[in-house]
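Next come the chains, spelled out residue by residue.
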Amino acid sequence: MITSFFHAQANNEKQIDLILENSLKNFNEIKFNESLKKANHALKISEKSNYSKGKAASCIYIAKVLLEVGAYNEGLYYLEKAEQEPFADTAVNFKTEVCRLRGRVYGNLKMYKLAGKEFHKQIQYSYKIKD
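Reading guide: rules and limits
Residues numbered from 1 in each chain as written. Predicted model: local features only at pLDDT ≥ 70, side-chain atom pairs only at ≥ 80, totals over all residues. Heavy atoms only, no water. Salt bridge = Lys/Arg side-chain N within 4 Å of Asp/Glu carboxyl O. Helix = DSSP H or I, 4+ residues; strand = E, 2+ residues; numbered from the N terminus. Buried < 20%, exposed > 50% of the residue type's maximum accessible area, 1.4 Å probe, protein only. Axes fitted to C-alpha atoms, helices over the stretch in contact; angles between N-to-C directions. Parallel < 35°, antiparallel > 145°, perpendicular 65-115°, else oblique. Left-handed = near helix turned anticlockwise from the far one by under 90°. Contact = heavy atoms within 4.5 Å. Nonpolar A, V, L, I, M, F, W, Y, C, P; charged D, E, K, R; others polar.

> Please explain the pattern of salt bridges as it appears in this structure.
If you walk through the whole model with that rule in mind, you get 11 salt bridges. Residue glutamate 47 is joined to lysine 81 by a salt bridge in which the shortest nitrogen-to-oxygen separation is 3.3 Å. On the criterion of sequence distance, the pair formed by glutamate 47 in helix α2 (residues 32-49) and lysine 81 in helix α4 (residues 72-83) is long-range, its members being 34 residues apart. Between glutamate 83 and arginine 102 there is a salt bridge, with its nearest N and O atoms 2.7 Å apart. You can see glutamate 83 sitting in helix α4 and its partner arginine 102 sitting in helix α6 (residues 92-108), a full 19 residues away along the chain. Taking the relative accessible area as the measure of exposure, arginine 102 reaches 9% and is therefore buried. Look at the salt bridges and you will find they share partners, linking Glu83, Arg102, Glu118 and Lys121 into a network.

This is the structure:
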């Protein structure tokens, strides 16, 4: 029974990762509505299965779409939500992306000191990336 639980969990995580991969593909093709729908779907599934990486990545993808269309407050909310996931503590690439996105928002809002701080944090995290 325990083995089937872990097998089901692994399949669920693969499904979430695939949905997120498709969301990113839609985002890159400037199909923001589709990207947002898929990221929201992945977030719901991730929350049900308590998949921290899925929750964090879903929030990032949701934030990316929201920031792209100018919904800065909502985007910042999802960035903050993503940072609260345990996965966020261990993933340097993730922290780098959060800082980059937040810095971009602050720059767009002409909050240049805050933008500078975020970009500086991004650079500091980037030095820790091994690949």
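> Even after reading the chapter, I still don't get the packing of α6 against helix α7 (residues 112-126), so can you show me in this structure?
A pair of packed helices can be characterised by two numbers: the angle between their axes and the separation between those axes. Two numbers describe how α6 lies on α7: the axes approach to 8 Å, and their chain directions differ by 160 degrees. Compared by their axis directions, α6 and α7 come out roughly antiparallel. For the element pair α6 and α7, the recorded crossing hand is left-handed. Residues Val92, Lys95, Thr96, Cys99, Arg100, Arg102, Gly103, Arg104, Tyr106 and Gly107 of α6 lie in contact with α7, whose contacting residues are Tyr112, Leu114, Ala115, Glu118, Phe119, Lys121, Gln122, Tyr125 and Ser126. Partitioning the contact of α6 with α7 into residue classes produces eight nonpolar, five polar and six charged.

> Explanation requested: the environment of serine 23 in the structure shown.
Mapped onto the secondary structure, serine 23 falls in helix α1 (residues 2-28). Judged by relative accessible area, which is 0%, serine 23 ranks as buried. Linking serine 23 and glutamate 47, residues 24 residues apart in sequence, is a C-alpha distance of 17 Å. Residues within four places of serine 23 in sequence aside, it is in contact with Ser35, Lys38, Ala39 and Tyr61.

> Honestly, the packing of helix α3 (residues 52-68) against α6 in this entry has me stumped. Any pointers?
As a packed pair, α3 and α6 sit with axes 11 Å apart at the nearest point and diverge in direction by 20 degrees. Relative to α6, α3 is oriented roughly parallel. Judged by the sense of rotation from one axis to the other, the crossing of α3 with α6 is left-handed. Facing Ala56, Ile60, Lys64, Leu67 and Glu68 of α3, the residues of α6 in contact are Phe94, Glu97, Val98, Arg100, Leu101, Arg104 and Val105.

Spatial relationships are all this shows, so hold off on functional conclusions.
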